[in-house]
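What the coordinates show
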Amino acid sequence: MIFASRSKQIVSRSAAWSVLALLASQMAAAPQAQSATGGEASVSNGCAPMNWTAQQDHQNMMDQLGIRAVRPGPNGNENAPDHANFDESKANPFPGLPDALILRSGQRVGSPDQWWHERRPEIVEDFEREVLGRVAPNAPKVTWTVTSTANSKAGSFPVITKQLVGHADNSACPSINVDIDMTLVTPANAKSPVPVMMMFGSAAFLKRMAEMIASQPDWKAMIGNDPPSMEQLIAAGWGYALIDPGSIQPDNGAGLTRGIIGLANKGQPRQPDAWGALRAWAWGASRGLDYLETDKAVDARRAGIEGVSRFGKAALVTMAFDSRFAVVLVGSSGEGGAKPHRRNFGEAVENLTGSGEYHWMAGNFLKYGAAEASFRTKNAGDLPVDSNELIALCAPRLTFISYGVPEKGDAKWLDQQGSFMATVAAGPVFRLLGAKDLGVTEDYRTAKIPPVNTGLLGGQLAWRQHDAGHTDAPNWKYFIPWADKFLGYRGTPWELPADQPVFRTDPNSLVAHSQLLAKAKQGGIDVYFEGDSITRRWDALDYPELLANWKQNFFGWNAADFGWGGDQTQNILWRLENGELDGVNPKVVVLLAGTNNLGNPLARGDADVEVDDVTRGVQAIVRAIQTKAPAAAIVVMGIFPRNDSMALMPTIDKINGSLSRLADGKRVRYLNINSQLADGDGRLFDGMMDAKDRLHPIAKAYQLWADALKPVLTELLGPPAAVDHAPPPTGDPAAKR
């Protein structure tokens, strides 16, 4: 998911981030103050929301605390006179983070029991009193109702979608109505309860965001090229729940007398230690988990929580205070999230104590931004707790801290380095409780953030900074297998027809997709090879002998290879439909696909069903190519012989017979070289395939393939030129160099 943080002081952000901020603010600021009769001003039982602005509410809290003025927060514009500090040498003035394992008495915590019964309660009390606020003791009961259940799809995956409303009991204050909006989506093929990731968001918001990004292709770079997080979860056998934070608590100071905070307080202003919006959103997520624990489709013991930006803060708070959540993905959370308050870098405490963002926090938090007050003025160094302890409250459960890069919109303002330091500093608590931390041996003060796209994923505490913007989208492909590993979960495998586009879920394949997208954008391609590992290896950096053969045969024809190992027709189709052929405009496409579909469980051992399935898969690829590259001639290759399982040969022969009928002799050609690779029974001639797997060709067989293609290429393109304009070859991202 992708959301954006908001601060009036930041004027240097990209236009994309600004628009995303506006959308996120709209999502979380939905007013929840309608009476039972629809009139906001109606009064029942002497209860009605105060009707004032955020500035008035902010001033009221200052008056309660004896604060006459607060310090202005730094400016995000590096060219402004009052800009925030972005000089690392000046970033740690306080100078250190509080030690999560030192009791107030000064004694060091020496056992898990001492953590749970002594130190953890101290930290929780400090956060509740001074930073995030206390949940109202009269917080109402929430009653959940399933308003609809439907069979639908997430991409190509059949799912069951439930729309839910959680009604907060407002009998004590009927003029304030709080109905929590949640959508639960689970895979339709599940044979047992599935883990669910709860995500701060709403279907309406995600639709608006998708439309906005579709209208501005350049903004796509902010979130990367991966499939949507929801589809990745379903593909991996997880479910997801979208919970709308705006239906829990508005995201503004004026809304503090409305929403769940206003309902619990009967529309009156907060006391200084009362909860702010972050704690309210977290409370709402916990009420959502109450429902998930009752749904037979859900394995609530493996439930997780996720959010980005302000909702990354809320996700971290949720995980810290509700031990029922098993896993959290915290995206680009910044100040108030994983970023240390004590770091003088980017956004500061003073930004959160101003009238624009104070509503996230407890009223008492304003004391730490006070410039003039009836008490000794305080700053971030006076806070009794910091972000490393908020992360530590999640231990020993699975905690994944995620950031992007400033170049793509995840601004330096968020302090990626400081957040990494806080994550390192939380590590001793994870270790004390028997979990693995980041594995960083340096002290947090000197620990340097790992290179971008280098994840520290070996323990229950994890870190990864990706190369996209203000989103956690590129980290889902790492998060899901990481969570699966530690939760001991494996989803029900999907069995989908060969003509349904489906992405590969492993991180390496999604990274390869990004590389192939970049390759396609380079242009200069006249001959486009598509397929699986048999195609891929020919023009791959990790197979130098085969690469040499490729250059020897195709130099001057501007040929480029877009095959990817292990792909079935579904995966090739997905790659083509998701940009790998967009704008390439090749003159010839060479396609070899289908061998990885053999043995599809859908066929249930019926050879005729399998032949039809694979044929439809290849047909779908041909149609996709014709749509994306209408001027290209397509050479459909017959599936090569396989001697890893001779029982497959009759099926391969039947499929090839079907593929031959795709050819029209002009725009679609069919080419079969199997008689040069194997005898009439399909037994390979010596030196054709890899001796171990008896599936992948070696140089001799590739040369036979090249010799068969050359007359076709010469007919369609003429002889090869003296120069070649194709983009350079790629390789397996995971291959050792």
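In this numbering scheme, every chain counts its residues from 1 along its sequence in written order. In keeping with the predicted nature of the model, local features appear solely for residues at pLDDT of at least 70, side-chain atom pairs appear and are counted solely at 80 or more, and the whole-chain, interface and lining totals rest on all residues. Side-chain descriptors were evaluated using all non-hydrogen atoms of the structure, hydrogens and water having been removed beforehand.

Structural notes on the nonpolar core
In this text, buried Ala, Val, Leu, Ile, Met, Phe, Trp, Tyr and Cys residues form a nonpolar core when linked through side-chain atoms within 4.5 Å. Throughout, exposure labels follow a simple rule: accessible area from a 1.4 Å probe, protein chains only, divided by the maximum for the residue type, with under 20% read as buried, over 50% as exposed, and the rest as partly exposed. In this structure, Trp238, Ile260 and Phe479 are the most contacted members of the largest nonpolar core, which totals 146 residues. A run of H or I in DSSP counts as a helix once it spans at least four residues, and a run of E counts as a strand once it spans at least two, with each numbered from the N terminus. A total of 10 residues in this core trace back to one element, the largest contributor, which is helix H7 (residues 277–292). Working rule for contacts: check all heavy atoms of both residues, and any pair within 4.5 Å makes them a contact. Setting aside its immediate chain neighbours within four residues, phenylalanine 479 contacts Met197, Val327, Val328, Leu329 and Phe400.

What about the confidence of the model for the chain?
The predictor attaches a confidence to each residue, and that confidence, scored 0 to 100, is pLDDT. When pLDDT is averaged along the chain, the result is 92, and 93% of the positions lie at 70 or above. This stretch, residues 31–44, has a pLDDT under 50; its non-local contacts, to residues over four places away or in other chains, come to 32 contacts.

Thoughts on the state of the cysteines
Note on terminology: pairs of cysteine sulfur atoms within 2.5 Å are recorded as disulfides. As enumerated under the stated definition, the model contains 1 disulfide in all. Bridging cysteine 47 to cysteine 173, the disulfide has an S-S length of 1.5 Å. Taking the sign of the S-S torsion, about -55 degrees here, the bridge from cysteine 47 to cysteine 173 comes out left-handed. With a gap of 126 residues between them, cysteine 47 in the loop between helix H1 (15–28) and helix H2 (54–65) and cysteine 173 in the loop between strand S3 (157–168) and strand S4 (179–187) connect regions that are remote in the sequence. For the pair shown, cysteine 47 and cysteine 173 are each scored as buried.

Comments concerning the pattern of salt bridges
A carboxyl oxygen of Asp or Glu within 4 Å of a side-chain nitrogen of Lys or Arg is what we treat as a salt bridge. Applying the stated criterion across every chain, the model contains 45 salt bridges. Across the pair aspartate 290 and arginine 287 runs a salt bridge, and its minimum N-O distance is 2.6 Å. Within this pair, aspartate 290 and its partner arginine 287 are both found in helix H7, separated by 3 residues, close to a single helical turn. Residue classification places aspartate 290 among the partly exposed residues on the basis of a relative accessible area of 28%. Given a relative accessible area of 18%, arginine 287 falls into the buried group. Several salt bridges converge on common partners, so that one network encompasses Arg104, Glu125, Asp126, Glu128, Arg129, Glu130, Arg134, Asp273, Arg279 and Lys367.

Focus: the sheet that holds strand S7 (residues 304–308)
Any two strands between which DSSP finds at least two bridges are classified as paired. Within the open sheet, the 9 strands sit side by side as S2-S3-S4-S6-S5-S7-S8-S10-S11. Their pairing is mixed. Here the strands that pair on one side only, and so sit at the sheet edges, are strand S2 (142–154) and strand S11 (461–465). Taking each pair of neighbouring strands and ignoring which way they run, the sheet shows an average axis angle of 15 degrees. Direction of pairing for strand S8 (residues 327–331) relative to strand S10 (residues 398–403): parallel, over a ladder of 5 bridges. Counterpart to valine 328 in the pairing with S10 is threonine 399. Where helix H8 (residues 310–321) meets the sheet, it contacts strand S5 (196–200), S7, S8 and S10, and its direction lies at approximately 155 degrees from that of S7. Its contacts with the sheet put helix H12 (residues 476–487) on S5, S7, S8, S10 and S11, and the angle it makes with S10 is roughly 170 degrees. Here the axes come from fitting lines to C-alpha atoms, over the contacting stretch only for helices, and the angles between their N-to-C directions go from 0 to 180 degrees.

Observations concerning the side chain of glutamine 417
Looking at the element boundaries, glutamine 417 is found in helix H11 (residues 416–432). Those residues in contact with glutamine 417 that lie beyond four places of it in its chain are Glu88, Arg343, Ala447, Lys448 and Ile449.

Quick look at the environment of arginine 397
Note that arginine 397 resides in the loop between helix H10 (387–392) and S10. The exposure class assigned to arginine 397 is buried, which follows from its relative accessible area of 13%. Expressed as a C-alpha distance, the spacing of arginine 397 and alanine 540, which sit 143 residues apart in the sequence, is 41 Å. Apart from residues no more than four positions distant in its own chain, arginine 397 is found in contact with Arg120, Met319, Ala320, Asp322, Ser323, Phe325, Ala326, Phe430 and Gln460. Polar contacts, as counted here, are pairs of nitrogen or oxygen atoms within 3.5 Å of one another; within protein the pair requires one atom able to donate a hydrogen and one able to accept it, and residues that are adjacent in sequence qualify only if both atoms are side-chain atoms. Here the side chain of arginine 397 touches methionine 319 through a polar contact of 2.7 Å, landing on its backbone oxygen.

Brief notes about the packing of aromatic side chains
Between the rings of Phe, Tyr and Trp (Trp by its six-membered ring), a pair exists once the centres lie within 6.5 Å; its type follows the angle of the planes, with under 30 degrees stacked, over 60 edge-to-face, and the other angles tilted. Applying the stated criterion to the full structure yields 29 aromatic pairs. Ring centres of phenylalanine 529 and tryptophan 705 lie 6.3 Å apart, and the angle between their planes is 70 degrees; this geometry places the pair in the edge-to-face category. Taken as a pair, phenylalanine 529 in strand S12 (residues 527–531) and tryptophan 705 in helix H20 (residues 699–717) lie far apart in primary sequence, 176 residues in all. The class of phenylalanine 529 is buried, set by a relative accessible area of 0%. Each ring, one from tryptophan 538 and one from phenylalanine 554, has its centre 5.1 Å from the other, and the planes form 75 degrees; the classification is edge-to-face. Of the two residues, tryptophan 538 is situated in the loop between helix H14 (533–536) and helix H15 (544–554) and phenylalanine 554 in helix H15; the sequence distance between them amounts to 16 residues. For the pair tryptophan 538 and phenylalanine 554, one class covers both residues: buried.

Some thoughts on unusual backbone geometry
A cis geometry characterises the amide bond from phenylalanine 94 onward to proline 95, with omega recorded as 0 degrees. By the secondary structure assignment, proline 95 is in the loop between strand S1 (67–70) and helix H3 (112–131). Of note in the backbone geometry, aspartate 415 takes a positive phi value of approximately 60 degrees without being a glycine. One non-glycine residue with positive phi stands out, namely asparagine 453, at about 70 degrees. Among the structural elements, asparagine 453 can be located in the loop between H11 and S11.

Topic: the sheet that holds strand S15 (residues 633–637)
With respect to topology, 5 strands assemble into an open sheet ordered S13-S12-S14-S15-S16, the strand pairing being parallel. Only two strands of the sheet have a single partner each, and these edge strands are strand S13 (559–561) and strand S16 (668–671). Across the sheet, the mean angle separating the axes of adjacent strands is 20 degrees when strand polarity is ignored. In terms of strand pairing, S15 meets S16 through 4 bridges, oriented parallel. Directly across from isoleucine 634, in S16, lies its bridge partner valine 668. Along the sheet, H20 makes contact with S12, strand S14 (588–592), S15 and S16, crossing S14 at roughly 155 degrees.

Focus on the packing of H12 against helix H13 (residues 507–521)
It is the contact of H12 with H13, at a shortest axis distance of 9 Å, that shows an interaxial angle of 175 degrees. Compared by their axis directions, H12 and H13 come out roughly antiparallel. Counting all contacts with H12, which are made through Lys477, Tyr478 and Pro481, the residues of H13 involved are Pro507, Leu510 and Val511. For classification purposes, an angle smaller than 35 degrees is called roughly parallel, one larger than 145 roughly antiparallel, one from 65 to 115 roughly perpendicular, and anything else oblique.

What about H11?
A rise of 1.5 Å per residue sets the reference length of H11, with its 17 residues, at 24 Å; its end C-alpha atoms lie 26 Å apart and thus fit the reference within 8%. For H11, a buried count of 14 out of 17 residues is recorded, marking the element as mostly surrounded by other parts of the structure. Glycine 434 sits one or two residues past H11 and shows a positive phi near 85 degrees. Helix span, expected: 1.5 Å multiplied by one less than the number of residues in the helix.

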